[in-house]
Amino acid sequence: MFDKVLVANRGEIALRIVRACTELGVASVAVYSDADAGAPHVRAADEAVNIGPAPSSDSYLVGDKIIAAAIDTGAQAIHPGYGFLAEREWFARAVQDAGLVFIGPSPEAIAAMGSKTAARALATRSSVPVVPGTDGALASADEASKAAEEFGYPVLLKAAAGGGGKGMRVVRESGELEAAFGAAAREAKAAFGDDAIYLEKYIARPRHVEIQILADSHGNVLSLGERECSLQRRHQKMVEEAPSVAVSPELRRAMGETAVRVARAAGYENAGTCEFLLAGDGQFYFLEMNTRLQVEHPVTELVTDIDIVQWQIRIAAGERLPFSQEQIDPRGWAIECRITSEDPANGFLPSTGVIQYLRVPSGPGVRWDGGIEAGSEIGLHYDPMLAKLIVWGEDRAQAVARMHRALLELTIDGVETSRDFHLRLMEDAEFQSGDFDIQWLERRLDSLVAVSPPPEGLRAAALAAALLAEEDRVGRLPSLSPASANDQWKRAARRDALRE
Ligand code: MV4
């Protein structure tokens, strides 16, 4: 095992990795930008190194500074977390070339999965189902048009270098294709510096289900089961769960075996995730493989009782996975809410400020993976995710009830957060039924961010104030039925929320 590991990240994931190191008896080194001096992840680590100014392009994205910090402090390995340098082939190679261990897959595996067309080809060679589509990139809008006729409309144009929905265009009929092809290529060029576009048949209203795998350096590759990630807004996941209501034990086995096949074909090592679309008819299609630890890994940890981050470190140190596939049997239900500093009542506009007060939920089955504390300054330099609230229950209904209770316990003063949005989502009957797909959340958004009435007392006071103001204005108390008063109050409250 390593003596010392450098954590090349910030916020909640840096803390998560430091915790894993500490439990393994491994010393940890944090890195931090000027904006993060004194941040929780810095104090949690055994040592910390400043790597530059607040903008991540001058700090968390500068591989040379991070590698130099590892060498200077005598760390033997670097854990990249997610985002920043986690999926940069050049960084994984530079770490190796510096004589250090990159806690993640090889640069070759990162490169193989970085190209979505290469990943598709690799899957096809391994008899893994992919959405019907082109084998490689399209040379022109004309070629795209021919392919679209072959596979049939609607089709989806995707960036070969892509991921995360950038450079993606749904095309419903031939007349729209040429413009959509140009737009997708321009967007791909701007986002990835590569305008290569390929095409797939568009799958209507699927679920987004992914399989977590662990692969050691001794040829053992295991599936830790699925996560249900359909609840997204603009390609940002908001809530994840494990397992998925749509996955039977048979489907879990089939998808797990498929993910393991992809990982083996890529010579994959360490933790990784295969993303699938799951269609309404039960067909599943491999989309891409994420070659990193994912934000939502805790839901898998809670249902499998396997510490994925500890195993990432142990695998990188050459240890063997001690369990067999048969021993991995998800138990109970886990749900994660991503608590962000965004204002749901205001189009999820990022909110900034200082955390004035923080009450963290606790009690049975509750886990808080956070990166903030009272006094933390929330700016615009980094991702708005403040923390993840994760719960476990015996079944889905208990997990939902527990998440609702935990969200009630959560108080964050000083910035707007997604907390109330998550509360309303837990109260939503359709969410509770589990019957949703990748478009459901956006269809439902308006009703989930609508202003809910305050407690009775406050509402009565607000009504009394409104009536007295009206009396002042017109010289008599207006006649108002309770129902219409309630409607008028809601309209006024909604106006207020929109104005803020
Ligand atoms: C698709 C798809 C439907 N049909 N491919 C989104 C990002 C990238 N990981 C792949 N994604 C999708 N690929 C085919 N052939 C649906 C998605 C998708 C999605 C699309 C629109 C809006 C939200 C979405 C959320 C998840 C997946």
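Residues numbered from 1 in each chain as written. Predicted model: local features only at pLDDT ≥ 70, side-chain atom pairs only at ≥ 80, totals over all residues. Heavy atoms only, no water.

A. The sheet that holds strand 19 (residues 366-370), seen in detail. Read from one edge of the open sheet, eight strands run 13-12-9-10-11-14-21-19, paired in antiparallel fashion. Strands with a single pairing partner mark the edges of an open sheet, and in this sheet they are strand 13 (284-290) and strand 19. Across the sheet, the mean angle separating the axes of adjacent strands is 25° when strand polarity is ignored. Here strand 10 (residues 221-233) pairs with strand 11 (residues 236-242) via four bridges, running antiparallel. (Pairing = 2+ DSSP bridges. Helix = DSSP H or I, 4+ residues; strand = E, 2+ residues; numbered from the N terminus. Axes fitted to C-alpha atoms, helices over the stretch in contact; angles between N-to-C directions.)

B. Here's a closer look at the pattern of salt bridges. Counted according to the given criterion, the structure contains 31 salt bridges. The salt bridge partner of Glu301 is Arg16, with a shortest N-O separation of 2.8 Å. Of this pair, Glu301 sits in helix 10 (residues 297-304) while Arg16 sits in helix 1 (residues 11-24), and the two are 285 residues apart along the sequence. Taken as a pair, Glu301 and Arg16 share a single burial class, namely buried. Between Glu319 and Arg314 there is a salt bridge, and its shortest N-O distance comes to 2.7 Å. Exposure remark for Arg314: the relative accessible area of 25% places this residue in the partly exposed category. A cluster of three or more residues bridged by salt bridges with shared partners is formed by Glu210, Arg227, Lys237, Glu240, Glu296 and Arg338. (Salt bridge = Lys/Arg side-chain N within 4 Å of Asp/Glu carboxyl O. Buried < 20%, exposed > 50% of the residue type's maximum accessible area, 1.4 Å probe, protein only.)

C. Just the site of the ligand, in detail. The environment of the ligand is formed by 17 residues, the closest being Leu156, Lys158, Glu200, Lys201 and Ile203. In this structure, Glu200 approaches the ligand through a side-chain N or O atom, which is 2.8 Å from a nitrogen atom. Contributions of two or more residues to the shell around the ligand are made by strand 6 (155-159), strand 8 (197-201), strand 12 (270-278) and strand 13. Per-class residue counts for the shell around the ligand are eight nonpolar, four polar and five charged. (Near = heavy atom within 4 Å. Polar contact = N/O pair within 3.5 Å; in protein donor to acceptor, adjacent residues only side chain to side chain. Nonpolar A, V, L, I, M, F, W, Y, C, P; charged D, E, K, R; others polar.)

D. Up close: the sheet that holds strand 4 (residues 77-79). Strand order in the open sheet made by the five strands is 3-2-1-4-5, with parallel pairing throughout. Edge strands, defined here as strands with exactly one partner in the open sheet, are strand 3 (47-50) and strand 5 (101-102). Direction of pairing for strand 4 relative to strand 5: parallel, over a ladder of two bridges. The residue bridging Ile78 from the neighbouring strand is Phe102, located in strand 5. Against the sheet, helix 3 (residues 63-73) contacts strand 1 (4-7), strand 2 (27-32), strand 3 and strand 4, and its axis sits at roughly 155° relative to strand 1. (Contact = heavy atoms within 4.5 Å.)

E. Focus on the pairing of strand 6. Most of strand 6 is tucked away: five of the five residues are buried. Burial along strand 6 is two-sided: Val155, Leu157 and Ala159 and Leu156 and Lys158, pointing in opposite directions, are all buried. Here strand 6 pairs with strand 7 (residues 169-171) via three bridges, running antiparallel. For Leu156, the partnering residue across the bridge sits in strand 7 and is Val170.

F. Fine view of the side chain of Glu336. The topology assignment puts Glu336 in strand 14 (residues 333-340). One buried charged residue, Glu336, forms no salt bridge at all, with the nearest opposite charge on Arg338 at 4.1 Å. Glu336 has contacts with Met238, Val239, Glu240, Val295, Glu296, Pro298, Val299, Lys388, Leu389, Ile390 and Met403, leaving out every residue within four places of it along the chain. (Lys, Arg positive; Asp, Glu negative; His and termini not counted.)

G. Fine view of the nonpolar core. Among the nonpolar cores identified, the biggest contains 36 residues, and Leu407, Ile412, Leu425 and Leu441 are the most heavily contacted of them. Listed by contribution, the elements that provide at least two residues to this core are strand 11, strand 14, strand 19, strand 21 (385-393), helix 12 (396-409), helix 13 (419-427) and helix 15 (440-449). Here this core takes five residues from helix 12, the largest share from any one element. Beyond its immediate sequence surroundings of up to four residues, Leu407 is in contact with Cys337, Ile339, Leu389, Arg419, His422, Leu423 and Met426. In terms of nonpolar packing, the next biggest core, distinct from the first, is built from 30 residues, Phe2, Ile17, Cys21 and Ile103 among them. (Core = buried A, V, L, I, M, F, W, Y, C linked by side-chain atoms within 4.5 Å.)

H. Quick look at the state of the cysteines. Under the counting rule described, the total for this entry stands at zero disulfides. Cys274 carries a free sulfur, and the closest cysteine sulfur to it, the one in Cys229, is 13 Å from it. (Disulfide = S-S within 2.5 Å.)

I. The arrangement of the packing of aromatic side chains in detail. Per the counting criterion, the structure on display carries ten aromatic pairs. Ring centres of Tyr60 and Tyr382 lie 5.6 Å apart, and the angle between their planes is 80°; on these two criteria the pair is classed as edge-to-face. On the criterion of sequence distance, the pair formed by Tyr60 in the loop between strand 3 and helix 3 and Tyr382 in the loop between strand 20 (377-378) and strand 21 is long-range, its members being 322 residues apart. With respect to class, Tyr60 is no different from Tyr382; both count as buried. Considering the side-chain rings of Phe348 and Phe421, the 5.4 Å spacing of their centres and the 80° angle between planes classify their relative orientation as edge-to-face. On the criterion of sequence distance, the pair formed by Phe348 in the loop between strand 15 (342-343) and strand 16 (349-350) and Phe421 in helix 13 is long-range, its members being 73 residues apart. (Phe/Tyr/Trp six-rings, centres within 6.5 Å; stacked < 30°, edge-to-face > 60°.)

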